[in-house]
Amino acid sequence: MRTGTVNRVLLAVAGLLLLALGGVVLAAGLGAPFPRWWIHSSAHDVLLSRAERTSFRDTGWWWPALIAGLAILFLIGVWWLVSVLRRHRVAEVRVDTGDGGTARLRGSALENALSRDAAGQEGMAQSDVLLTGRRGAPAVRAWFRLEPDMPPGAALAEFTSGPLARARDSAGLAALPAEVRLRVIRHRAGRVT
């Protein structure tokens, strides 16, 4: 399971718990009976009693520190939400048709074509390609696993001059920057007799 999926599931669970808790507080405030597990027993109970609120009254740092801590937690939560919900993939790429119009090329189709083309290279064991950026200026992130005898420099040169150049030309893009991560498959040592 990818990290994005895990983040979305955790965010959904946290959201549902907070929604349920807020619903209980709202229902209790509107006069509904309190659940047995709830810490208060009547509508006139407060979250913090006077003794709890004033126990740190003499220390000037308590309330500013509490508010600052809660504000930091809130900002971290908002940052996490934005990072989880942000799309990392390009859904479509605009392609100039040559007659003044544009066509739309699905990003997944370009990813699949690049991945298959790269997988056909000599010495390539596995390839995974992700299209990032914007519709008008996409970029490629690629992860390749190479056979043990394939030099990484040669694999990278073959990818940039072959599959990447063909994808750039076929989509009519001026540039198609790429970030490529290479990993060599380990192999067992041969037996010497």
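Residues numbered from 1 in each chain as written. Predicted model: local features only at pLDDT ≥ 70, side-chain atom pairs only at ≥ 80, totals over all residues. Heavy atoms only, no water.

A.B. asks: What should I look at first to understand the packing of aromatic side chains in this one?
C.D. replies: Under the counting rule described, the total for this entry stands at one aromatic pair. Ring centres of Phe144 and Phe159 lie 4.8 Å apart, and the angle between their planes is 70 degrees; on these two criteria the pair is classed as edge-to-face. Of the two residues, Phe144 sits in strand 4 (residues 138-146) while Phe159 sits in helix 5 (residues 152-161), which places them 15 residues apart along the sequence. Residues Phe144 and Phe159 agree in their burial class; the two are buried. (Phe/Tyr/Trp six-rings, centres within 6.5 Å; stacked < 30°, edge-to-face > 60°. Helix = DSSP H or I, 4+ residues; strand = E, 2+ residues; numbered from the N terminus. Buried < 20%, exposed > 50% of the residue type's maximum accessible area, 1.4 Å probe, protein only.)

A.B. asks: Would you mind going over the side chain of Ser115 with me for this structure?
C.D. replies: Among the secondary structure elements, Ser115 is positioned in helix 4 (residues 107-119). Residue class for Ser115 comes out buried when judged on its relative accessible area of 15%. For Ser115, the residues in contact, after removing those within four places along its chain, are Ser127, Asp128 and Val129. (Contact = heavy atoms within 4.5 Å.)

A.B. asks: How should I be thinking about the sheet that holds strand 3 (residues 124-133) in this particular structure?
C.D. replies: Adjacent strands of a sheet pair through backbone hydrogen bonds, lying either parallel or antiparallel. Spatial ordering of the open sheet is given by 3-4-5, a layout of three strands whose pairing is mixed. Two strands in the sheet have a free side with no partner beyond their single neighbour: strand 3 and strand 5 (178-184). Going across the sheet, the axis of each strand differs from the next one's by a mean of 15 degrees, ignoring polarity. The pairing of strand 3 with strand 4 spans nine bridges and is classified as antiparallel. Across the sheet, Leu130 pairs through a bridge with Arg141, a residue of strand 4. Where helix 4 meets the sheet, it contacts strand 3 and strand 4, and its direction lies at approximately 155 degrees from that of strand 3. (Pairing = 2+ DSSP bridges. Axes fitted to C-alpha atoms, helices over the stretch in contact; angles between N-to-C directions.)

A.B. asks: Explanation requested: the packing of helix 4 against helix 6 (residues 163-170) in the structure shown.
C.D. replies: Packed helices, taken two at a time, are described by their axes: the angle between them and the distance between them. Helix 6 packs onto helix 4 with a crossing angle of 150 degrees between their chain directions and a minimal axis gap of 9 Å. When the axes of helix 4 and helix 6 are compared, the pair comes out roughly antiparallel. Remark: the crossing between helix 4 and helix 6 carries right-handed chirality. Residues Leu110, Leu114, Asp117 and Ala118 of helix 4 form the contact with helix 6, whose participating residues are Pro163, Leu164, Arg166 and Ala167. In terms of residue class, the contact of helix 4 with helix 6 is made up of six nonpolar, no polar and two charged. (Parallel < 35°, antiparallel > 145°, perpendicular 65-115°, else oblique. Left-handed = near helix turned anticlockwise from the far one by under 90°. Nonpolar A, V, L, I, M, F, W, Y, C, P; charged D, E, K, R; others polar.)

The values reported here are purely geometric and, on their own, carry no functional implication.
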